[in-house]
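# Reading the structure
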Amino acid sequence: MSKNIVPHNYHITKQDRLKKNNHKSLLLWFTGLSGSGKSTIANLVENALFNDGINTYSLDGDNIRKGINNDLSFSAEDRTENIRRIAEVANLMLDSGLVVLAAFVSPYKKDRENIRTIVKDVNFVEIYVNTSLEECERRDVKGLYKKARLGEIKNMTGISAPYEAPENPDIEINTEEENIEDSVMRIVDFIKPKLNLKNA
Ligand SMILES: Nc1ncnc2c1ncn2[C@@H]1O[C@H](COP(=O)(O)OS(=O)(=O)O)[C@@H](OP(=O)(O)O)[C@H]1O
Ligand SMILES: Nc1ncnc2c1ncn2[C@@H]1O[C@H](COP(=O)(O)OP(=O)(O)O)[C@@H](O)[C@H]1O
């Protein structure tokens, strides 16, 4: 489909933007069940980075599923397309020099592998927010689990749709054992060296 698209050589490169920002760009991808803590943790990590002078942007269901992806459902095919588009949007943001935080259930392993391919492995940090279904259901932040148990919501991840847990995430957070502040600190400590322009 894109065979007749010939790229134009722009004068300002990604390297120029990184140099101006004085940090590398990176995609922090949070995956886990609904209610596991992805948005809560991503939000606090962004605060910490932003307050440290890093240029950041957060992508989540609120700004993606209500906008660019408002045509997509929660079927397996639409989730795949959801994640693919988000990865492409994130890739543009990486090119613009940002540290992008993305918090999506992203339940399928092959879809998460596709993100790596789109943004290139070196730019991608996979963070598995590992909270048991029992605990997510107990929290039921949005009342979705209750509705799913009543059969009012179809394809609910963990109940009537699968969640394929990452086997080798870069970081795993167990929110039932670790407090939020420690999780945030662990993530920030892990990524800080990766943002340094001097590190290869
Ligand atoms: N069927 C079903 N399954 C899972 N989640 C559901 C569903 N229906 C609505 N929601 C709400 O939508 C949010 C998940 O959207 P995502 O774009 O992250 O999902 S996915 O990555 O495409 O699987 C998810 O947000 P979070 O709770 O922040 O994870 C839910 O609030
Ligand atoms: N250690 C923890 N880390 C993250 N969230 C936690 C933790 N302990 C309890 N919570 C609570 O769990 C809920 C997680 O909700 P949210 O961040 O919206 O999850 P998600 O984005 O994965 O759907 C919040 O109400 C949050 O306060």
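Note that the structure is a prediction, hence the values are computed from the model and not measured.

Now for the UniProt feature "binding site: ATP" (unreviewed entry) in the chain. Under the UniProt annotation, "binding site: ATP" (unreviewed entry) lies at Gly32, Leu33, Ser34, Gly35, Ser36, Gly37, Lys38 and Ser39. When the annotated set is filtered for residues lining the largest cavity, what remains is Ser34 and Gly35. When neighbours within four sequence positions are excluded, Leu33 is seen to be in contact with Lys38, Thr131, Ser132, Leu133, Cys136, Tyr145, Thr157, Gly158 and Tyr163. Along the chain, Gly37 falls in the loop between strand S1 (26-31) and helix H2 (38-50). Contacts of Gly37, omitting those with residues within four sequence positions, involve Val129 and Arg139.

As a matter of local geometry, ligand 1 sits amid 20 residues, with Ser34, Arg65, Arg79, Ser106 and Asn155 nearest to it. At 2.6 Å from an oxygen atom of ligand 1 is found a side-chain nitrogen or oxygen belonging to Ser34. Protein chains bury 88% of the 630 Å² of accessible surface belonging to ligand 1 in isolation. When each cavity is represented as a set of grid points, ligand 1 is found to reside in the largest pocket. Mapped onto the shell around ligand 1, the elements with two or more residues apiece are H2 and helix H4 (76-95). The dominant element in the shell around ligand 1, judged by the number of residues it contributes, is H4, at three residues. Looking at side-chain class alone, the shell around ligand 1 contains eight nonpolar, seven polar and five charged residues.

For residues other than glycine, phi is negative in most cases, and the peptide bonds are mostly trans. You will see that Asp140, though not glycine, has its phi angle at about 30°, which is positive. Among the structural elements, Asp140 can be located in the loop between helix H6 (133-139) and helix H7 (144-149). Judged by relative accessible area, Asp140 falls into the buried class, the value being 18%. Positive phi is not limited to glycine here, since Asn155 has a value of about 55°. Structurally, Asn155 is set in the loop between H7 and strand S5 (171-173).

Core analysis: the biggest nonpolar cluster contains 21 residues, and Leu28, Phe30, Ile41, Val45, Leu49, Ile127 and Ile187 have the highest contact counts within it. Listing elements by their share of this core, those giving two or more residues are S1, H2, strand S3 (99-103), strand S4 (124-129), S5 and helix H8 (180-195). A per-element tally of this core places H8 first, with five residues. Discounting chain neighbours no more than four positions away, the residues touching Ile127 are Leu28, Trp29, Phe30, Thr31, Ile171, Ile173 and Ile187. Leu27, Trp29, Leu98 and Ala102 belong to the second largest nonpolar core, which has 18 residues in total.

Conventions used here
Residues numbered from 1 in each chain as written. Chains lettered and ligands numbered in written order. Predicted model: local features only at pLDDT ≥ 70, side-chain atom pairs only at ≥ 80, totals over all residues. Heavy atoms only, no water. UniProt positions renumbered as here; feature names shortened; annotations may be inferred. 1 Å grid on protein atoms, 1.4 Å probe; cavity = no way out; pocket = protein on both sides within 12 Å on 5 of 7 lines; lining within 4 Å. Contact = heavy atoms within 4.5 Å. Helix = DSSP H or I, 4+ residues; strand = E, 2+ residues; numbered from the N terminus. Near = heavy atom within 4 Å. Polar contact = N/O pair within 3.5 Å; in protein donor to acceptor, adjacent residues only side chain to side chain. Areas by Shrake-Rupley, 256 points an atom, 1.4 Å probe, with all protein chains shown as cover. Sits in = over half its atoms within 2 Å of the grid points. Nonpolar A, V, L, I, M, F, W, Y, C, P; charged D, E, K, R; others polar. Buried < 20%, exposed > 50% of the residue type's maximum accessible area, 1.4 Å probe, protein only. Core = buried A, V, L, I, M, F, W, Y, C linked by side-chain atoms within 4.5 Å.

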